[in-house]
Amino acid sequence: MKLRTAIAGVIIGSSLIALPASPATPEDIAWAQTCLTRLGFTTGPVDGLIGPKSTGASIAYLRSRFGPHFDTVPEKTRQVYFAAECLSVEPTTMALQSR
C-alpha cells in the first residue's frame, strides 16, 4: 500500500511531519486534514488548502506524539507513524484513499 504523497507534510512542509517528494495535491492536503481532525486536532475546514489552522493542528499533533523536539525525529518516522494512526482511525476509508 502506498502512503499518501506527503502524509501530513502536505499541510506544512519539511520542518514538521514531512516534505512531499512531489507537490501535494488538494486531495492529499484534504486527506491529511481529515485525518488530523479525526485524531482530535482541529484543522478548520477540510478544504485542501494549507492555512494557519492546518499548520497549527499539525504542530499540535507532532508535539503530542513526539514531544517539543519533534523536529529531531526523522521525517520518514513521522510519516509512517502518522499514516498508521490515520489507518487506525478510519481503516476502510483512509486505506482506500491512500492507494
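Residues numbered from 1 in each chain as written. Predicted model: local features only at pLDDT ≥ 70, side-chain atom pairs only at ≥ 80, totals over all residues. Heavy atoms only, no water.

### Remarks on the pattern of salt bridges
Now for step 1: This model, assessed by the stated rule, comprises one salt bridge.
Now for step 2: R65 is paired through a salt bridge with E85; the nearest N and O atoms lie 3.0 Å apart. Residue R65 is located in helix 3 (residues 52-66), and its partner E85 is located in helix 4 (residues 75-89); the two are separated by 20 residues in the primary sequence.
Now for step 3: Judged by its relative accessible area of 27%, R65 falls in the partly exposed class.
Now for step 4: The exposure class assigned to E85 is buried, which follows from its relative accessible area of 15%. (Salt bridge = Lys/Arg side-chain N within 4 Å of Asp/Glu carboxyl O. Helix = DSSP H or I, 4+ residues; strand = E, 2+ residues; numbered from the N terminus. Buried < 20%, exposed > 50% of the residue type's maximum accessible area, 1.4 Å probe, protein only.)

### Description of the packing of aromatic side chains
Now for step 1: If you walk through the whole model with that rule in mind, you get four aromatic pairs.
Now for step 2: Summarising the aromatic geometry, the rings of Y61 and F82 are spaced 5.1 Å apart at their centres and angled 80 degrees between planes, so their arrangement reads as edge-to-face. Pair noted here: Y61 is in helix 3 and F82 is in helix 4, with a separation of 21 residues, a long-range link.
Now for step 3: On the accessibility criterion, F82 (0% relative accessible area) is buried.
Now for step 4: Site record: aromatic cluster; members linked through ring pairs are W31, F41, Y61 and F82. (Phe/Tyr/Trp six-rings, centres within 6.5 Å; stacked < 30°, edge-to-face > 60°.)

### Focus: the environment of R65
Now for step 1: Once the C-alpha coordinates of R65 and F82 are considered, the two residues, 17 residues apart in sequence, prove to be 9.4 Å apart.
Now for step 2: In this structure, R65 is in contact with L39, F41, Y81 and E85, ignoring residues within four places of it in sequence. (Contact = heavy atoms within 4.5 Å.)

### Let's talk about helix 3
Now for step 1: The terminal C-alpha atoms of helix 3 lie 21 Å apart, and with 15 residues this matches the ideal 21 Å at 1.5 Å per residue to within 8%.
Now for step 2: Looking only at helix 3, the buried set comprises S54, A57, S58, Y61 and L62. Buried residues of helix 3 fall within an arc of 130 degrees about the axis and therefore sit on the same side. Opposite its buried face, helix 3 presents the exposed residues P52, K53 and R63, each directed more than 90 degrees away.
Now for step 3: Among the residues trailing helix 3, G67 stands out with phi positive, at a value near 85 degrees. (Expected span 1.5 Å × (residues − 1). Arc of directions from axis to C-beta.)

Treat this as a map of the structure, not an account of what it does.
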